[in-house]
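An overview of the molecular structure
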Amino acid sequence: MAAVGAAERAANRPTDAAGNTESLGGASPAEAGGVEDFVLGFLEKEVGNDLKSLKNVSNLLRTLTEENTVLEEQVLSVSSSVPPKVSAALSAAEEARRSLEHLQQRERLISNMLHQHLQGAQPWMDNLSQVLNHVDTIERHMKYLRCLQHIEELSAAVQQCLMTSSVWEAIRAVDSMAALDAGLSQSGCTHLQDFLRETLHFWHKILKDRLTTDFEKVLTHLHWPIISPPTQSLTPTANGQEISSQLELLVTQLLALQTSDDLISQMALASGRGVASAPPVSSSSSTPLSQAPPLCLPIQIMLLPLSKRFRYHFYGNRQTNSPSKPEWYLTQVLMWMGNSSTFMEEKIQPILDRAGAAISARVELCRGLLSLVQEKVASDASRLLYDDVLLSHLVEEVLQFEKELRSNHSYPAVLPGLLHLLLEEAVLQKWLTVERKMAVEKMDAMLSAEGAWSSQYKDISDMDELKAPDCAETFMTLLQVITERYRALPCPSAQLKFLGLQRELVDDFRIRLTQVMKEESRCPLGARYCAILNAVNYISTILGDWGDNVFFLQLQQAAVSLGDEAVLGDLGVLELGRLASLEGSLFEGLLALLDRLKGDMMGRLLEWTMREITEKAKPYSHDRWLSLPSQQDQSTMSLSSSACPMMLCVRDRLLNLHQVLSVSLFQLAWQGLADRLDKFLYQDVILTNHFSDGGAAQLQFDMTRNLFPLFGHYCKRPENFFKHVKEACIILCLNVGSAILLRNLLKESEEETTGWAGAEDPPPESALNEVGVYCLAPCDVLILLNLRASWPGQ
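Keep in mind that this is a model prediction, so the values were computed, not measured.

All right, on to the packing of helix α13 (residues 425–448) against helix α14 (residues 470–486) then. Their axes nearest at 10 Å, the elements α13 and α14 cross at an angle of 165°. Taken together, the axis directions place α13 and α14 in an arrangement best described as roughly antiparallel. The element α13 and its partner α14 pack so that their crossing is right-handed. Of the residues in α14, those touching α13 at W431, E435, A439, K442, M443, M446 and L447 are C471, T474, F475, L478, I482 and R485. Grouping the constituent residues of the contact of α13 with α14 by class yields nine nonpolar, one polar and three charged.

So, about the nonpolar core. Judged by nonpolar contacts, the single largest core of 200 residues is most densely connected at F475, L543, L677, M703, L707 and F711. Those residues in contact with L543 that sit more than four places away from it in its chain are M476, V506, F587, L590, L591 and L594.

Enumeration according to the criterion identifies 22 aromatic pairs in this entry. Note on F666 and Y714: the rings are 4.8 Å apart at their centroids and 80° apart in plane angle, and the pair reads as edge-to-face. Here the residue F666 occupies a position in helix α23 (residues 663–686), and Y714 occupies one in the loop between α24 (693–711) and α25 (723–732), the gap between them amounting to 48 residues. With a centroid separation of 6.3 Å and an interplanar angle of 50°, the aromatic rings of W670 and F711 are classed as tilted. Of this pair, W670 sits in helix α23 while F711 sits in helix α24; the two residues are 41 residues apart in sequence, bridging distant segments of the chain. Like W670, the residue F711 is buried in the burial classification.

When pLDDT is averaged along the protein chain, the result is 84, and 85% of the positions lie at 70 or above. Of all helices and strands in the protein chain, the one with the weakest mean pLDDT is helix α1 (residues 2–11) (41), whereas α23 scores best (95). Note that pLDDT drops below 50 for residues 273–287; the model gives that stretch 29 contacts with residues more than four away or on any other chain.

Here the focus is a nonpolar patch on the surface. On the surface, L128, V131, L132 and V135 cluster together to form a nonpolar patch covering roughly 360 Å² of accessible area. Tracing the backbone through its elements, the reader meets L132 in helix α3 (residues 57–163).

With that settled, consider the side chain of Q374. With respect to the helices and strands, the residue Q374 is situated in helix α11 (residues 361–383). On the basis of relative accessibility, which here comes to 1%, the residue Q374 falls in the buried class. A polar contact of 2.7 Å, which involves the side chain of Q374, links it to the backbone oxygen of G417.

Right, let's get into the pattern of salt bridges. What the rule picks out here adds up to 34 salt bridges. Of the charged contacts in the structure, one is a salt bridge between K437 and D388, with a shortest N-O distance of 3.0 Å. In this pair, K437 is assigned in helix α13 and D388 in helix α12 (residues 388–407), connecting sequence segments 49 residues apart. Classification of D388 as buried rests on a relative accessible area of 18%. Linking E719 and R717 is a salt bridge whose minimum nitrogen-to-oxygen distance equals 3.4 Å. Connected through shared salt-bridge partners, E94, E95, R97, R98 and E101 make up one network.

This paragraph deals with helix α22 (residues 644–660). Three or four residues apart is the spacing at which side chains of an α-helix point the same way, because the helix has 3.6 residues per turn. With 17 residues, α22 should cover 24 Å at 1.5 Å per step; its first-to-last C-alpha distance of 24 Å lies within 8% of that length. Within α22, the full set of buried residues consists of M646, M647, C649, V650, R653, L654 and L657. Across the axial projection of α22, the buried residues extend over an arc of 160°, all falling on one side. Buried residues belonging to α22 abut α20 (588–616), α21 (618–621), α23 and α24.

Criteria and thresholds
- Residues numbered from 1 in each chain as written.
- Predicted model: local features only at pLDDT ≥ 70, side-chain atom pairs only at ≥ 80, totals over all residues.
- Heavy atoms only, no water.
- Axes fitted to C-alpha atoms, helices over the stretch in contact; angles between N-to-C directions.
- Helix = DSSP H or I, 4+ residues; strand = E, 2+ residues; numbered from the N terminus.
- Parallel < 35°, antiparallel > 145°, perpendicular 65-115°, else oblique.
- Left-handed = near helix turned anticlockwise from the far one by under 90°.
- Contact = heavy atoms within 4.5 Å.
- Nonpolar A, V, L, I, M, F, W, Y, C, P; charged D, E, K, R; others polar.
- Core = buried A, V, L, I, M, F, W, Y, C linked by side-chain atoms within 4.5 Å.
- Buried < 20%, exposed > 50% of the residue type's maximum accessible area, 1.4 Å probe, protein only.
- Phe/Tyr/Trp six-rings, centres within 6.5 Å; stacked < 30°, edge-to-face > 60°.
- pLDDT = per-residue confidence, 0-100.
- Patch = residues over 30% accessible without salt bridge, like charges linked within 9 Å, V, L, I, M, F, W, Y side chains within 5 Å.
- Areas by Shrake-Rupley, 256 points an atom, 1.4 Å probe, with all protein chains shown as cover.
- Salt bridge = Lys/Arg side-chain N within 4 Å of Asp/Glu carboxyl O.
- Polar contact = N/O pair within 3.5 Å; in protein donor to acceptor, adjacent residues only side chain to side chain.
- Expected span 1.5 Å × (residues − 1).
- Arc of directions from axis to C-beta.

Given below as structure tokens:
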């Protein structure tokens, strides 16, 4: 009951203006509200709504009193234990503070002692540092002197070896000098380095000159250089074994001297000086050749006489040094390569193999000779930039040289030839300009030639399917020649520039064809107009084949990967995706323009043809179809006299088009003509007249026995291209009973569509199909039935 009273007092507690219950003991409204909720929940749980359960209140009060007592004891025990713990913590903190102060005092004392000690030891440290520096200087001097002594010893050893003809020991000593120079590459002793390099260069030159002299004597005995094709065995007859032994010894020694020779060559290049033994290389060709290793020393010496001959004949004021005849020195170098290949493979290559040198003697010789040509071509190209004819000739000869070098002499593709010289910006741009200029001049010439619009294969039927006029064939040959010229270039971006040029030329030629076509459009049935149409179709066919060519597909991938705007233009993401997946072609834009031009020309051609046919067909369309008598036997029937001019015109035009148009174009032409003629006859002849039985039979005879066979020469079932006329003849020639039934069926079907009859009857299309009508609609068939004049009761 006390709990209930407390709950009631809590429930009846006064509230403030905001409606909050007044809190006890200064508790916040939120806290008071929480306590009230807890109390209400507790009473609801323990007492509930059953008033009889109030007897348990005394037990509940006793339980709460016990819990309150336990809580008070716990609080008292905790309160009594707190002061000893706090005092213990304070004591520990005070002890730690005193210990820290003691440590700080010791630190200050030790620091002062250390400072005094350092001040006292500073003079000793200064003196020791001076001594150590002096010792280090002496040690470096000793190393310097020892290195200098070692150089002197090596120099003396080389001298002694040369005096005693101990070439191998001299080579080893020179190699030691080269190794020492490599070890001193990071040293700051420049004077020592200069002394070492001068000593190395001095002895290397003496040793190399000595070996070169001996090597040249041996080569002379072996008839080197081989200027003309060898006519006898390369093996000398006299003392051949001794010469071969000397050759192998000298080649092996020169190979051993290669390391120091390469080092001296690098030093000479770094200092801007040339090496006499190495064939000079032009600056324009240094970029690709810098990646290749230097020529081996024996090959350098073997190239000396050839280099002298090359410079004697193709430099200076010699008549053989003609800018208009680059083929002279290019052919000469190719001949040297071919004449020397056997000697290199039989005499030099086995020695290199036994020496463990992974070198191809023939390729090394070609590399050396090629360096001479590279220098010459680079020099000539820079001087011929302002002469279109000579530069064009030089490019042609360089391309031919490159082709023979790779095919006939098996020169590795990884090594540069001459083509990179043509990729220099100035030379490449001039080459493109010359190609464009000469192509435009040739286009003007081929279009103005006397036989420009006639086919050179017109008398050979098997080879004249495309019936391409001479100008179109010459133009595509011109483009193919341009392709063959730039196909071998090692740079895709340069190839794409030529591809862009080809597309410009195609578009230019298309514009020229359009201009000529407009002049000939007054007579579309003429031979020249048809020749222009054949030219457009021929160019379109060739470009379509190029779009599937592997070379142009590779260029297409390169254009997408490089993002070449000159070739790709302003293509969207979808178009670029199609090109990247090889679904499209780089010639799609040109093909679309050519196809549009072809469609316009074909439409104009058929329009003029139909204009002539319709003029001839006027008497036929106004014939007296209603009054023609019925004929029981078609074997006695003949072609309508009014149809003869039209039939003759159709026949003549088909024969003419078949003679002047290519196979594919004529296929389009006769099918287009058949379609137009079918519509004309249906609309202007059949629908504008009424037919008796005899008129309908005569119309069917004219069509099936005369018109359709004219097209039967070009297909097996020509009537399928005259569906309107064929089916109209079927309707007009139905017997009277079938015609009446069909008309009634169509009328009933027409009424069904308006909702006046049942919908269970079969559709009219099935009835039309039974009589052979598939194209005409029921309403059209009903119109044709109404054109019949013979109905019962009329």
